[in-house]
Amino acid sequence: MNCKHIRKRSYKNQIYFYCILKEKNIDISKCSICKKKDYKKYKPISKVSKKQAKEERERKSIFTDDMKYCFYCKKFKNIEIKKDDIHEIFGGRNRTRSKRAGFVVPLCRNCHENEEILKELKIYAQKEFEKTNSRSNFIILFDKSVLK
């Protein structure tokens, strides 16, 4: 099945293999005898591009200038705990928008795994955004509002 000339097809829920060189259906076991067999060349897994790496290094937060210590622990518990992760407050498909808007905070592992803290950060981020913009702009940017 590694030959680049073989295609897997189906007809009425029956799966069969088709050789584009011979232009006919083939038995997969007979393909190993074929002299024109050519294997697929796979590209190596690409690393992070230079542009992505630069964006990761230059992430800025609108909430804090100190990116070395956990934002939540330092702010609410008055303890300085080193950060383990830099957390984009709105993840998934909104991750890049979150980076560009500055909704990035350093968090320790305990805070990063706590769902209540993450919800609190989303509410805090939306309130900060609404100080300079409207709620409709926030909804346009992030597709939803976390405030009720």
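This structure is a prediction, so every number in the text was calculated from the model and none was measured.

Conventions adopted
Residues numbered from 1 in each chain as written. Predicted model: local features only at pLDDT ≥ 70, side-chain atom pairs only at ≥ 80, totals over all residues. Heavy atoms only, no water. Core = buried A, V, L, I, M, F, W, Y, C linked by side-chain atoms within 4.5 Å. Buried < 20%, exposed > 50% of the residue type's maximum accessible area, 1.4 Å probe, protein only. Helix = DSSP H or I, 4+ residues; strand = E, 2+ residues; numbered from the N terminus. Contact = heavy atoms within 4.5 Å. pLDDT = per-residue confidence, 0-100. Salt bridge = Lys/Arg side-chain N within 4 Å of Asp/Glu carboxyl O. Polar contact = N/O pair within 3.5 Å; in protein donor to acceptor, adjacent residues only side chain to side chain.

## Section: the nonpolar core
Of all hydrophobic cores here, the largest spans 19 residues; its most connected members are Ile 89, Phe 103, Leu 107, Cys 111 and Leu 121. Those elements giving two or more residues to this core turn out to be helix H2 (71-77), strand E5 (104-107), helix H5 (115-132) and helix H6 (135-142). If one sorts the elements of this core by residue count, H5 sits on top with five residues. Beyond its immediate sequence surroundings of up to four residues, Leu 107 is in contact with Cys 70, Tyr 72, Lys 83, Asp 84, Asp 85, His 87, His 112, Leu 118 and Leu 121. Among the nonpolar cores identified, the runner-up in size contains five residues, and Cys 3, Ile 6, Phe 17 and Cys 19 belong to it.

## Remarks on the confidence of the model for the protein chain
Model confidence for the protein chain is summarised by a mean pLDDT of 82, while 86% of its residues fall at 70 or above. Model confidence for the protein chain, summarised as mean pLDDT per element, is weakest for H2 at 76 and strongest for H5 at 91.

## Overview of the pattern of salt bridges
Working definition: two side chains of opposite charge can pair if their charged atoms are close together. Evaluated as defined, the whole model comprises six salt bridges. As a salt-bridge pair, Arg 93 and Asp 143 come within 3.0 Å of each other at their nearest N and O atoms. Remark: Asp 143 occurs in the segment after H6 and Arg 93 occurs in the loop between strand E4 (85-88) and helix H3 (95-101); sequence separation between them is 50 residues. What makes Arg 93 exposed here is its relative accessible area of 64%. As a salt-bridge pair, Glu 130 and Arg 135 come within 2.9 Å of each other at their nearest N and O atoms. Residue Glu 130 is classed as partly exposed on the basis of its relative accessible area, which comes to 23%. Members of the salt-bridge network, linked through shared partners, are Arg 59, Glu 88 and Arg 95.

## What to know about the side chain of Asp 85
Following the sequence through the fold, Asp 85 ends up in strand E4. Judged by its relative accessible area of 14%, Asp 85 is buried. Here the side chain of Asp 85 touches Arg 109 through a polar contact of 3.2 Å, side chain to side chain.

## Focus on unusual backbone geometry
Located in the positive-phi region is Lys 12, a residue other than glycine, with phi close to 50°. Structurally, Lys 12 is set in the loop between strand E1 (6-11) and strand E2 (14-19).

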